[in-house]
Amino acid sequence: RKRDGKNGAQVFDEAMLDQTRERAEIENDIDLAITASWFEAHLQPIVDITTGQPSGFEALMRMRHPRKGLMSPASIIGVAEENGTIGQIGNLILEDAVANLARVSRLPGMRDTYVAVNFSPLQFDHALPTRLSGILGRYGILPSRLVVEITEAVLMHDNPDIRTILNEIHEFGCRIALDDFGTGYSSLSYLSRFPVDIVKIDQSFIRSLGEPASEIGRKNTMLIEGIRAISHQMNCKVVAEGVETAEQRSLLMQMGVDYAQGYYFSKPREISELLSVLSVEMTD
Ligand code: C2E
Ligand code: CA
Ligand code: CA
Ligand code: CA
C-alpha cells in the first residue's frame, strides 16, 4: 500500500533509507569498537537453585560506546554475523570472559565457578579448540570451567565438521550447553547427536509460571517437567533462564531444575561491579 500514492512511496523510501543508514552506522561502530576495545563481557550469575550460590556466570556481550553508552547485543550480533566480524568479536568476548573468571576466582568460594560463553555458528572452525586451550592456558583456567553455549542454529548450520569440532572441545574438557532449549525445530534430537552437558530452558517457558489462572502457565509447567526429566535421563544438568520472581524459583525448585539464572538473582554486571557485590555478599 505504501508504494501507491506519491506520499506513500516517499515514506517507504525513507524507512528503507533509515534502515540502511542504521546498519551502516552499526557496521561502523563495530569496526571502531574492535580497534578501540569497546567490547566487554558482562557476567550474570547462574545459581544453584536451592542454595542461591553462583555455580558459574554467563558472559553477555556489551559494547561501551563513548557517545551512545552501553549497547546490548540485540542489534549488534546480527550485523556482525552477516558481515563476518563476529569471529573477531567472539574472540574478544571469549578472552574478556576468561580474564574476568580468573578475577572472580580469587574471591573465597569462587574457585570452582565457570564462565559460559555464547558462540555463533561462524565461530566454529578447526582452529577453535586450539584457540580455547590457548586462552585458558594463559589465564590458568581449567577446561572444565569453560562452558560453550550454543543454540540450535549452530547445530543446524551446514558445516559438516561441527560435530568433530564440538567433540574435540568436549574431549578437551570444556562443557557444552544447549541454549534457548525448546524454542527450535527439533531440539530433542540434538541431545542424542551431540555431546551436550547442560540444557538451558528458554525464558519463554518460565515467564508464565505462577500465573494461577493461566492455561499457558499450566501447559508450560508440564513442558518444563518433561524437558527436566528427559535432560536428566540424558545426564544433562538443567538451567532455567529468565527467572524473575521468588515464586518462579520455588516452582522450578519443586520441579527438580538444578540451576537458575535471571533478574530475581542478579542482572548481568560489569566485572568491577560484580567483584564488589560478590565481596559484600560474602561478608554478610
Ligand atoms: P541469551 O544467550 O539467551 O542470553 C540471555 C539474555 O536474557 C540476555 O540478554 C540477558 O541479559 C537476558 N536476561 C537475563 N535474565 C533475565 C530475566 O530475568 N528476564 C529477562 N527478560 N531477560 C533476562 P542480552 O544480554 O541482551 O543478550 C541477548 C542475546 O544476545 C543472548 O541471548 C545471545 O543470544 C546474544 N549474545 C549475547 N552475548 C553474546 C556473545 O558474546 N556472542 C554471541 N554470539 N551472542 C551473544
Ligand atoms: Ca546464552
Ligand atoms: Ca538463552
Ligand atoms: Ca535467546
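- As recorded in an unreviewed UniProt entry, the protein chain goes by EAL domain-containing protein and comes from Neorhizobium lilium.

**Focus: the overall build of the protein chain**
Thinking step 1. Within the protein chain, the regular secondary structure consists of 11 helices and 9 strands.
Thinking step 2. Since a compact globule built from 284 residues should have a radius of gyration of about 19 Å, the 20 Å found for the protein chain is in line with a globular shape.
Thinking step 3. When the backbone C-alpha atoms are referred to their principal axes, the protein chain occupies close to 60 × 50 × 45 Å.
Thinking step 4. Relative to its 284 residues, the protein chain shows a buried fraction of 46%.

**Things to note about the coordination of the calcium ion (ligand 3)**
Thinking step 1. Each protein donor to the calcium ion (ligand 3) is listed here as Asp179 (OD), Asp180 (OD), Glu241 (OE) and Glu241 (OE); together their distances run 2.2 to 2.4 Å.
Thinking step 2. All donors of the calcium ion (ligand 3) come from a single chain, and their spacing in sequence reads D-D-x60-E.
Thinking step 3. Separation of the calcium ion (ligand 3) from the calcium ion (ligand 2) amounts to 4.1 Å, with aspartate 179 serving as a shared donor to the pair. A residue pair is termed long-range when its members are at least 10 positions apart, and aspartate 180 in strand 6 (residues 175-181) and glutamate 241 in the loop between strand 8 (237-240) and helix 10 (246-254) qualify at 61 residues.
Thinking step 4. When its relative accessible area of 8% is taken as the criterion, glutamate 241 is described as buried.

**A short note on the layout of surface pockets**
Thinking step 1. Here the largest pocket is characterised by a volume of approximately 840 Å³.
Thinking step 2. The wall of the largest pocket is formed by 34 residues, among which Glu58, Leu60, Pro73, Asn118 and Asp179 lie closest to the centre.
Thinking step 3. Sorting the residues of the lining of the largest pocket by element identifies strand 2 (54-65), helix 2 (73-83), helix 3 (86-105), strand 4 (114-118), strand 5 (146-150) and strand 6 as the ones contributing at least two each.
Thinking step 4. Ranked by the residues each element gives to the lining of the largest pocket, the list is headed by strand 2, at 5 residues.
Thinking step 5. Approximately 230 Å³ is the volume attributed to the second largest pocket.
Thinking step 6. As for the second largest pocket, its lining consists of 14 residues, of which Gly52, Gln53, Pro54, Leu278 and Glu281 are closest to the centre.
Thinking step 7. At 5 residues, helix 11 (residues 271-283) tops the list of elements feeding residues into the lining of the second largest pocket.
Thinking step 8. Here the lining of the second largest pocket is composed, by residue class, of 9 nonpolar, 3 polar and 2 charged.

**What about the environment of arginine 131?**
Thinking step 1. Relative to the assigned elements, arginine 131 resides in helix 4 (residues 128-139).
Thinking step 2. Here arginine 131 falls in the partly exposed class, since its relative accessible area comes to 26%.
Thinking step 3. As a C-alpha pair, arginine 131 and phenylalanine 265 span 134 residues in sequence and 32 Å in three-dimensional space.

**Concerning the site of ligand 1**
Thinking step 1. Near ligand 1 lie 20 residues; those nearest to it are Arg62, Ser120, Asp179, Glu244 and Tyr263.
Thinking step 2. Here an oxygen atom of ligand 1 sits 3.2 Å away from a polar atom, N or O, in the side chain of glutamate 58.
Thinking step 3. With respect to ligand 1, the side chain of glutamine 203 contributes an N or O atom lying 3.3 Å from an oxygen atom.
Thinking step 4. Judged by its atoms lying within 2 Å of the grid points, ligand 1 is housed in the largest pocket.
Thinking step 5. The element that contributes the greatest number of residues to the shell around ligand 1 is strand 2, accounting for 4 residues.
Thinking step 6. Tallied by class, residues from the shell around ligand 1 come to 8 nonpolar, 6 polar and 6 charged.

**As for helix 11**
Thinking step 1. Here helix 11 spans 19 Å end to end across 13 residues, near enough to the 18 Å set by a 1.5 Å rise per residue.
Thinking step 2. Restricting attention to buried positions, one finds in helix 11 the residues Ile271, Leu274, Leu275 and Leu278. An end-on view of helix 11 places all buried positions within 100° of arc, on one side of the element.
Thinking step 3. Those residues of helix 11 that are buried are in contact with strand 1 (39-48), strand 2 and helix 3.

Basis of the calculations
Residues numbered from 1 in each chain as written. Chains lettered and ligands numbered in written order. Predicted model: local features only at pLDDT ≥ 70, side-chain atom pairs only at ≥ 80, totals over all residues. Heavy atoms only, no water. Helix = DSSP H or I, 4+ residues; strand = E, 2+ residues; numbered from the N terminus. Rg over C-alpha atoms; globule rule 2.2 N^0.38 Å. Buried < 20%, exposed > 50% of the residue type's maximum accessible area, 1.4 Å probe, protein only. Donors = N, O, S within 2.8 Å, 3.2 Å for Na, K, Ca; no water. 1 Å grid on protein atoms, 1.4 Å probe; cavity = no way out; pocket = protein on both sides within 12 Å on 5 of 7 lines; lining within 4 Å. Points joined across faces, edges and corners; volume = space filled by probe spheres on them. Nonpolar A, V, L, I, M, F, W, Y, C, P; charged D, E, K, R; others polar. Near = heavy atom within 4 Å. Polar contact = N/O pair within 3.5 Å; in protein donor to acceptor, adjacent residues only side chain to side chain. Sits in = over half its atoms within 2 Å of the grid points. Expected span 1.5 Å × (residues − 1). Arc of directions from axis to C-beta. Contact = heavy atoms within 4.5 Å.

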